Amino acid sequence: MALRRLQAELLDLNNNPIDSVSVGPVDESNVLHWRGQIAGPANSPYKGGIFKLDIVFTTDYPFKPPKVKFLTKVYHPNIDEEGAICVALLKNDQWKPATRISQVLKSLVALLEQPNPDDPLMTDIAEIYSTDQPKFQKNAKEHTKKYASA
């Protein structure tokens, strides 16, 4: 089931690409392991950055969510230093088998555009985001320049 579904989703992504996102299997022999990248959204402090992703599907996909993490360091309240991501769509208790990887990727772009300080992995960054936007913007831009420059 997982292999057929992933092949169909990959075909759909190739036919209907998502702006600022590229993704696909690491190699043709293993469709369960993908790599991708997101270009930092223009309306965010991540503009100009390229953020690499690692996506691992289990053979239980789509009944279990993929494991997605950022390989590029991101200064963000919902992304920790190891690249783990806090987004409702990827949580086991909120995942639905009808969810497609394209929706996951779009939600990650949206997360870069609009962090959620109410559900943080990095409480210190969430505090800065909530109380000192100019400092958050400055720190995120500097981090992007240092770690995500193309």
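Remember, predicted model here, so these are calculated numbers, not experimental data.

Draft legend 1. Quick peek at helix 3 (residues 123-131). Within helix 3, the full set of buried residues consists of Ile125, Ala126, Ile128 and Tyr129. One side of helix 3 holds all its buried residues, which, seen down the axis, span an arc of 160 degrees. In helix 3, the exposed residues that point more than 90 degrees away from the buried face are Thr123, Ser130 and Thr131. Contacts from the buried residues of helix 3 go to helix 4 (133-147).

Draft legend 2. Main features of the nonpolar core. If you look at the biggest cluster of nonpolar residues, it comprises 40 residues, and the most contacted ones within it are Trp34, Ile55, Ile101 and Leu105. Counting residues per element, the ones that place at least two in this core are helix 1 (2-15), strand 1 (21-27), strand 2 (30-39), strand 3 (50-56), strand 4 (67-70), helix 2 (101-113), helix 3 and helix 4. A total of seven residues in this core trace back to one element, the largest contributor, which is helix 2. Ignoring any residue separated from it by four or fewer positions in sequence, one finds Ile55 in contact with Val23, Leu32, His33, Trp34, Pro66, Lys67, Val68, Ile101 and Leu105.

Draft legend 3. Expanded view of the UniProt feature "active site" (unreviewed entry) in the protein. With numbering aligned to this structure, UniProt lists the feature "active site" (unreviewed entry) at Cys86. Summarising the element assignment, Cys86 is placed in the loop between strand 4 and helix 2. A residue is classified by how much of its surface remains accessible, and Cys86, at 12% relative accessible area, is buried. Every residue in contact with Cys86, bar those within four places of it in the chain, is listed here: Asn78, Lys91, Leu111, Asp119 and Leu121.

Draft legend 4. Spotlight on the pairing of strand 1. Relative to strand 2, strand 1 runs antiparallel, the two sharing six bridges. Bridge pairing links Pro25 to Trp34 in strand 2. Adjacent in sequence and paired antiparallel, strand 1 and strand 2 are bridged by two residues.

Draft legend 5. Representation of helix 1. Its 14 residues place the ends of helix 1 20 Å apart at the C-alpha level, agreeing with the 20 Å of an ideal helix rising 1.5 Å per residue. Every buried residue of helix 1 is listed here: Ala2, Arg5, Leu6, Glu9, Leu10 and Leu13. One face of helix 1 carries all of its buried residues, which in axial projection span an arc of 135 degrees. Residues of helix 1 that are exposed and angled more than 90 degrees away from the buried face: Arg4, Leu11, Asn14 and Asn15. In the core, the buried residues of helix 1 are packed alongside strand 1, strand 2 and helix 2.

Scoring rules and cut-offs
Residues numbered from 1 in each chain as written. Predicted model: local features only at pLDDT ≥ 70, side-chain atom pairs only at ≥ 80, totals over all residues. Heavy atoms only, no water. Buried < 20%, exposed > 50% of the residue type's maximum accessible area, 1.4 Å probe, protein only. Helix = DSSP H or I, 4+ residues; strand = E, 2+ residues; numbered from the N terminus. Arc of directions from axis to C-beta. Contact = heavy atoms within 4.5 Å. Core = buried A, V, L, I, M, F, W, Y, C linked by side-chain atoms within 4.5 Å. UniProt positions renumbered as here; feature names shortened; annotations may be inferred. Pairing = 2+ DSSP bridges. Expected span 1.5 Å × (residues − 1).

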